[in-house]
Amino acid sequence: MDWHLLISQLLNGLQLGLLLFLLASGLSLIFGIMDFINLAHGSFYMVGAFVGASVVSLTGSLIIAAVATLIAMLVLGILVDTLIARKLYGQDHLDQVLVTFGLILVFDTLAHIIWGSAGATIPLPEVLNGQLEIAGFVIPTYRLLIIGCGLLVALGSYFLVTRSRLGMLIRAGASNRAMVTALGVNIDRLYLIVFAIGAAMAGFAGFLIAPITEASIGMGNEIIIIAFVVVIVGGIGSVKGAFYGAILIGFIDTLGRSYLDDLLKIFISNQSAETAAPALSAMLVYVLMAVVLVFKPEGLFPPSGFNKK
Amino acid sequence: MIFKKLLITAGLAAALSMPVAGQAESVKIGFVTTLTTPAGVIGEDMKNAVNLAVEHLGGKMAGKDIEVMFEDDGFKPEIGKQKTDKLVKRDKVDFVAGFIWSHVLLASSKTVLDAGKFLISSNAGPSQLAGKGCNKNFFSTSWQNDQAPMAMGEVLNQQNVKSLYVIAPNYAAGKNMVAGVERAFKGEIVGKDMTKWGKDRQLDFSAELAKAKASGADGLFIFYPGSAGGAFIKQYQQAGLKDSLPLYSVFTVDSISLPKLQSANIEGVMGSKSTMFWAPDLDNAANKKFVADFKAKHGTYPSFYAAQSYDSIMLIDSAMRATGGDMSNQDAVRAAMEKADFASVRGSFSYGKNHMPIQNFYLREVVADADGNWTTKVVKTVFENHQDNYVDQCKL
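Just so it is clear, the structure is predicted and the values come from calculations on it, not from any experiment.

Attention shifts here to the overall build of chain B. Per the secondary structure count, chain B includes 13 helices and 14 strands. Compactness check: chain B gives a C-alpha radius of gyration of 22 Å against a globular reference of 21 Å for 396 residues, within 12% of the reference. Each principal axis of the C-alpha distribution contributes one length, and for chain B these read about 95 × 45 × 40 Å. Each of the 396 residues in chain B was classed as buried or not, and the buried ones make up 56%.

And the structure:
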């Protein structure tokens with residue numbers, strides 16, 4: 001067993017998991033509190049990447065770009081909530097899916113018109129393009145930065161959800177929406193805040209990944225499916241569930257890609273292992289979701305007091 | 001009264017025959033490529049090259065106007081087929097060219113060939129159309145998928161690379177590329193990863209790069225067309241593999257990915273090796289004119305996709321010149337095309353019986369040009385007049 005490789009892969013899994021968490025926490029809250037299926041959540045991820053790339057190319061500063069992206073995404077979240085999503089809360093899920101699918105097309109086409117089909121890159125300063133050596137481990141510096149940022153946001157949302165009044169309302173909304181409304185909480189404003197924060201976190205995730213994969217049209221559609229898996233595994237409406245679900249999925253996906261072919265080679269011929277491993281590792285996260293749905297249909301960490309419908 | 005009716009009928013007939021007469025005066029070419037999705041950047045490059053070729057021909061072939069109709073396949077076989085149907089049945093084109101993706105070409109080829117029209121692939125080179133499924137009306141101005149990776153395998157042997165790690169996308173062409181390098185490479189393949197591809201393709205290669213690094217291989221072979229290539233090379237640099245694990249690639253490092261890598265300051269790609277039938281610095285008159293005019297117009301080097309598309313138009317022109325623009329005699333048009341009698345940007349080449357080019361393959365290296373822009377430079381010729389492996393299966 002190569003421990004060196006294993007620990008590198010665990011760090012890679014953690015990084016993927018934290019990115020997924022940024023996407024899935026907003027998705028989970030919007031789904032859990034507003035009962036709103038937002039397929040276009042991935043578009044926020046894409047827009048965040050493109051906006052970040054544009055600001056970096058204008059100012060040359062990653063920090064200004066990070067702040068600008070967060071603000072732009074909050075504004076976009078507010079706009080989408082007030083102009084479009086609000087009318088769909090409480091509607092049939094099919095209507096929501098149709099409208100948000102349309103939104104994906106609109107965002108993709110807008111991105112094509114504004115930024116072109118070539119995509120956009122975020123250049124990193126020399127320091128971040130390099131590697132850090134910690135206790136004999138050589139790790140790409142930028143990936144450590146993603147892990148750091150992800151953990152910070154996770155910690156921030158933990159305090160927001162467990163220690164603040166807003167967090168209390170969010171938790172209450174996720175466990176029993178009707179009761180929160182009945183108690184006279186301004187539900188429109190709560191929805192607006194949750195939606196905007198969700199959009200900002202998704203946009204920030206896109207901005208973080210852009211220096212690695214670059215901003216491209218439809219990049220959000222590639223990852224949103226996995227984010228939905230995270231939401232279902234973690235428990236709809238639970239930030240804690242989104243966190244553990246995302247880390248779990250990140251580990252499973254990365255370790256599957258790393259070790260599945262070697263593992264299969266023990267049982268079947270080398271050649272069939274080589275053919276089967278890519279297909280199987282792509283399926284692993286869905287297998288996990290199916291298992292969770294069988295044994296804990298409400299997810300691993302459902303919001304407390306979650307009323308099983 | 002009768003006279004009036006006659007007059008109207010005659011008028012109608014004249015009016016109806018007008019567009020037909022108009023059509024006869026033009027050479028109609030349908031061009032199917034990808035203009036939307038992240039792969040749209042490839043299609044744009046091809047479109048620019050086609051337009052440049054038309055411009056170089058003065059808008060005419062054998063005295064007839066050139067009419068090119070571009071269609072977007074949306075990176076999907078079913079859409080590609082629909083658009084091809086439209087070009088053949090509604091627009092009644094004489095030639096259908098283009099096609100970046102093997103699976104799109106395979107889905108669309110039947111429509112064109114069954115209608116007795118000419119089909120020219122400007123990129124995709126699936127083994128099916130080179131071998132058992134070859135057709136008298138199918139021509140390629142690119143290559144068969146396996147050829148460039150075979151040339152790379154030969155280069156690896158020459159450079160004394162003993163062990164290789166392979167990473168490629170898990171789809172038809174990716175498998176062809178891996179098969180090609182495996183066929184020619186004599187050393188040991190110590191590890192192989194096929195990554196998810198398609199709509200939800202994998203773009204984060206951290207796990208694969210960590211494995212490649214741990215494998216201790218002498219070299220890393222990759223095939224990542226389009227924007228995935230840039231992403232891969234960035235992560236390759238960020239993982240610090242440039243000195244320990246040299247990069248060898250096919251169809252990955254091109255003039256679409258290089259400007260982006262340069263703007264992101266990814267120096268890890270400098271000096272990396274790839275094999276190809278063409279390069280922007282290839283020394284022949286047609287190529288010099290093509291590259292210079294393309295750069296003047298669009299500010300970047302043309303990609304190999306552009307070179308192949310340019311040649312597709314020039315191939316059609318050669319046939320029109322030989323036949324005086326007469327489409328009625330298909331055999332004459334085909335015979336003219338089989339001669340490949342035009343100034344190709346790759347230099348002269350010939351056609352095998354399956355209408356795949358028999359051509360040279362070169363080793364290219366990434367360098368900075370006189371203006372500091374990153375581009376590829378020919379290092380040496382790997383294969384001379386190389387023919388694909390499937391030609392014997394072709395019954396033509």
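A few words on the domain arrangement of chain B. Residues and elements named next belong to chain B. The domains assigned to chain B are domain 1 (6-143 + 283-355) and domain 2 (147-276 + 361-392). Each of domain 1 and domain 2 has a C-alpha centre, and the two are 29 Å apart. Every contact between the two is made by 20 residues of domain 1 and, on the other side, 17 residues of domain 2. Looking at the side of domain 1 that touches domain 2, the elements with two or more residues in it are helix 2 (40-56), helix 4 (102-114) and helix 5 (127-130). A total of three residues in the side of domain 1 that touches domain 2 trace back to one element, the largest contributor, which is helix 2. Partitioning the side of domain 1 that touches domain 2 into residue classes produces 10 nonpolar, eight polar and two charged.

What follows is about the packing of helix 6 (residues 141-163) of chain A against helix 7 (residues 165-175) of chain A. Residue and element names in this part refer to chain A. Axis separation between helix 6 and helix 7 bottoms out at 5 Å; the angle between their running directions is 75°. Judged by the inter-axis angle, helix 6 sits roughly perpendicular to helix 7. When helix 6 is examined against helix 7, the residues Leu160, Val161, Thr162 and Arg163 are found in contact with a partner set consisting of Leu166, Gly167, Ile170 and Arg171. Its residues placed into classes, the contact of helix 6 with helix 7 shows four nonpolar, two polar and two charged.

Moving on, we come to the sheet that holds strand 4 (residues 95-98) of chain B. Residues and elements named next belong to chain B. Strand order across the open sheet formed by six strands is 2-3-1-4-5-6, with mixed pairing between neighbours. Single-partner strands in this sheet number two, and they are strand 2 (60-61) and strand 6 (138-140). Of the pairings in the sheet, the one linking strand 1 (residues 26-33) to strand 4 comprises four bridges and is parallel in character. Of the residues in strand 4, the one forming a bridge with Val32 is Gly98. Against the sheet, helix 3 (residues 77-90) touches strand 1, strand 3 (64-72) and strand 4, its axis set at about 175° to strand 1.

Let us look at the interface of chain A and chain B. Interface extent is often summarised as the accessible area lost during association of the parts. Contact residues are listed per partner, giving 35 residues for chain A and 35 residues for chain B. Ranked by residues supplied to the side of chain A that touches chain B, first place goes to helix 1 (residues 3-34) of chain A with seven residues. A per-class count over the side of chain A that touches chain B returns 12 nonpolar, 17 polar and six charged.

What follows is about the environment of Thr33(B). Turning to its location among the elements, Thr33(B) is positioned in strand 1. Once residues within four sequence positions are removed from consideration, Thr33(B) is found in contact with Gly43(B), Met46(B), Lys47(B), Phe70(B), Asp73(B), Gly98(B) and Ile100(B).

What follows covers the packing of helix 2 (residues 41-59) of chain A against helix 3 (residues 62-83) of chain A. Residue and element names in this part refer to chain A. In the contact formed by helix 2 and helix 3, the axes pass within 8 Å of each other and the chain directions differ by 140°. The orientation of helix 2 with respect to helix 3, classified from their angle, is oblique. In this structure, helix 2 meets helix 3 at a crossing whose hand is right-handed. Of the residues in helix 3, those in contact with Phe44, Val47, Gly48, Val51, Gly52, Val55, Val56 and Thr59 of helix 2 are Leu62, Ile64, Ala65, Ala68, Thr69, Ala72, Met73 and Leu76. Looking at the contact of helix 2 with helix 3 residue by residue, the classes come out as 12 nonpolar, four polar and no charged.

Another point: unusual backbone geometry. Phi at Glu214(A) is positive, roughly 70°, even though this residue is not glycine. Among the structural elements, Glu214(A) can be located in the loop between helix 9 (187-213) and helix 10 (219-234). On the neighbour-count criterion, Glu214(A) (26 C-beta atoms within 10 Å) is buried. At Asn385(B), a residue that is not glycine, the phi angle is positive and equals roughly 45°. By the element assignment, Asn385(B) lies in strand 14 (residues 374-386).

Moving on to the confidence of the model for chain A. Per-residue confidence for chain A gives a mean pLDDT of 89; residues scoring 70 or more make up 98%. Mean pLDDT values over the elements of chain A span from 82, in helix 8 (residues 177-182) of chain A, up to 96, in helix 3 of chain A.

Residues and elements named next belong to chain B. Bridge count between strand 13 (residues 357-368) and strand 14: nine bridges; the pairing is antiparallel. Across the sheet, residue Gln359 finds its bridge partner in strand 14, namely His386. In sequence, strand 13 turns back onto strand 14 through a hairpin of five residues, with Gly372 there showing a positive phi of about 90°.

Turning to helix 4 of chain B, a few remarks are in order. Residues and elements named next belong to chain B. Compared with the 18 Å implied by 1.5 Å per residue over 13 residues, the 19 Å span of helix 4 between its first and last C-alpha is a close match. If you look at helix 4, its biggest bend is around 40°, right at Ser108. Among the residues of helix 4, Ser102, Val104, Leu105, Ala107, Ser108, Ser109, Thr111 and Val112 are the ones counted as buried. Downstream of helix 4 by a residue or two, Gly116 has a phi angle that is positive, lying close to 75°.

Residue and element names in this part refer to chain B. This prediction gives chain B a mean pLDDT of 90; 94% of its residues lie at or above 70. Confidence over residues 16-23 falls short of pLDDT 50; this stretch has zero contacts with residues more than four positions distant or in other chains. Among the prediction metrics, the complex's ipTM stands at 0.84, with pTM recorded as 0.85.

A few words on the environment of Ser164(A). Within the fold, Ser164(A) resides in the loop between helix 6 and helix 7. Along the backbone, Ser164(A) and Leu208(A) are 44 residues apart, and their C-alpha atoms lie at a distance of 27 Å.

Leu20(A), Leu23(A), Ala227(A) and Val230(A) are the most contacted members of the largest nonpolar core, which totals 209 residues. For this core, the element with the highest residue contribution is helix 9 of chain A, accounting for 17 residues. The two domains that each donate at least three residues to this core are domain 1 (6-143 + 283-355) and domain 2 (147-276 + 361-392) of chain B.

Rules behind the numbers
- Residues numbered from 1 in each chain as written.
- Chains lettered and ligands numbered in written order.
- Predicted model: local features only at pLDDT ≥ 70, side-chain atom pairs only at ≥ 80, totals over all residues.
- Helix = DSSP H or I, 4+ residues; strand = E, 2+ residues; numbered from the N terminus.
- Rg over C-alpha atoms; globule rule 2.2 N^0.38 Å.
- Buried ≥ 20, exposed ≤ 12 C-beta atoms within 10 Å, placed from the backbone.
- Domains from an automatic or database assignment.
- Contact = placed C-beta atoms within 7 Å.
- Nonpolar A, V, L, I, M, F, W, Y, C, P; charged D, E, K, R; others polar.
- Axes fitted to C-alpha atoms, helices over the stretch in contact; angles between N-to-C directions.
- Parallel < 35°, antiparallel > 145°, perpendicular 65-115°, else oblique.
- Pairing = 2+ DSSP bridges.
- Left-handed = near helix turned anticlockwise from the far one by under 90°.
- pLDDT = per-residue confidence, 0-100.
- Expected span 1.5 Å × (residues − 1).
- Bend = angle between axes of the 7 residues up to and from the residue.
- Core = buried A, V, L, I, M, F, W, Y, C linked by C-beta atoms within 7 Å.

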